[in-house]
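Overview (structure and organization)
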Amino acid sequence: ATSAFGVILAVLASLIISANALVAVALFRLIQKSGYNGLYFVLNLAISDAMVGFTVISLAIDELSQPFYPSQTFCILRMAFVIFSSAASILSLTLVACDRHLAIRKPFHYFQVMTGLRVGARLVGLWLLAAIIGFIPVAAPGFQHLSFSTKARCSFFGVFQPGYLFIVFCVGFFPALFIFIYLYCDMLKIAAIHVQHIREVEHAGLAGRCRPTRTTSDMKAMRTVAVLTGCFALSWLPFFIASIVQAMCPECFPYQVIENYLWLLGLCNSLLNPLLYSYWQKDVRLQFVQLAASVKRRVL
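Here the residue index of a chain counts from 1 through its sequence in written order. Under the rules for a predicted model, residues below a pLDDT of 70 receive no local features and side-chain atom pairs below 80 are neither given nor counted, while totals for whole chains, interfaces and linings still include all residues. Side-chain metrics in this entry use all non-hydrogen atoms of the structure; hydrogen atoms and water are not considered.

On to the overall build of the protein chain, then. If you tally the helices and strands in the protein chain, you get 10 helices and zero strands. Helix and strand definitions here come from DSSP, where helices need a minimum of 4 consecutive H or I residues and strands a minimum of 2 consecutive E residues; each element is numbered from the N-terminal end. What you see in the protein chain, going N to C, is helices and strands ordered as α-α-α-α-α-α-α-α-α-α. Taking all 300 residues of the protein chain together, the buried fraction comes to 45%. Contacts are residue-level and defined by heavy atoms, with any inter-residue pair within 4.5 Å sufficient. Long-range contacts, defined as pairs at least 24 residues apart, comprise 80% of the intrachain contacts of the protein chain with a sequence gap of at least 6. Carbon and sulfur atoms make up 69% of the accessible area of the protein chain, which totals about 15600 Å². Think of it in three bands: residues with accessible area under 20% of the maximum for their type are buried, residues over 50% are exposed, and the middle band is partly exposed, with areas taken using a 1.4 Å probe on protein chains only. A 1.4 Å probe and the Shrake-Rupley method give the accessible areas. Residues count as covered only by the protein chains that appear here.

UniProt positions are given in the numbering used here, feature names are shortened, and annotations may be inferred rather than shown by experiment. In the UniProt entry, the feature "transmembrane region" (unreviewed entry) is given for residues 6-28, 40-61, 76-98, 119-143, 163-185, 221-241 and 261-280. Annotated as residues 163-185, this span is 100% helix and 0% strand, and its ends, taken at the C-alpha atoms, are 32 Å apart.

Definition used for salt bridges: Asp or Glu carboxyl oxygen within 4 Å of a side-chain nitrogen of Lys or Arg. Scanning the entire structure with this criterion turns up three salt bridges. For the salt bridge of Asp-99 with Arg-100, the shortest nitrogen-to-oxygen distance reads 3.2 Å. Taking relative accessible area as the criterion, Asp-99 reaches 4% and is therefore assigned buried. A relative accessible area of 18% means that Arg-100 is categorised as buried. Residues Arg-105 and Asp-186 are paired through a salt bridge, measuring 2.9 Å at the closest nitrogen-oxygen approach. Of this pair, Arg-105 sits in helix 3 (residues 72-105) while Asp-186 is found in helix 7 (residues 162-203), placing the two residues 81 residues apart along the sequence. Accessibility expressed as a relative area gives 45% for Arg-105, which makes it partly exposed.

This is the structure in structure tokens:
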């Protein structure tokens, strides 16, 4: 069973890294051509998801190798890197949703507001917050378990106190989910206003000269945010709810199920993000086609 779980982790990690690497290359080429600063948030999402894949590789190696029982310090640092990369992925999703919301709400001021300096400041703040969330137990030993077993594998519940898990949930997951819901509802309201304006134009007999291209763009952005939000909630919500129950009542729920299955479901979100974004965004798909054609020419 341990070897099978290690194979699953290795396959998942390989898919996460390869998919996000391809999306990152396509986005980098697209940024060079278009100069659109908002794509840096999506590029950052691909980078953070790729980091999640690299952390999974280390766990897969442990599962596939001989029994390895690390020290408490090594185990805490490893779990801190896992939470750090996962927090960066969740925060990157939040920035992508905020960027799409800003583009819909203030389309004429978007390029004035979203300058390169402000994009860079937001990304730096994102990684600092992710580092704070991930490495709190390293700086605060009070969040570490005192009764760490040297004959046990690394696990969240084996090295971290329940109080730290509550901090991760309250600072990382639930605020991001609430922000997603609020932004999506606000974008629905804005889209409804745009549809009403289009109907007024049609009644005035100006529909031939005023095409609803803006509404089409808004609906694409809303669709992207809705799909990313839905997959995020379906992937991570079972893990966080079960972890809260486990933290409040250690005997009520087997933590092995949380760490071996529900956490694995959450990691799948790092694989779904590049697949969904590349599927819904026409520009990214076009970059894939051009990249494949370029590779084919060089090979042949």
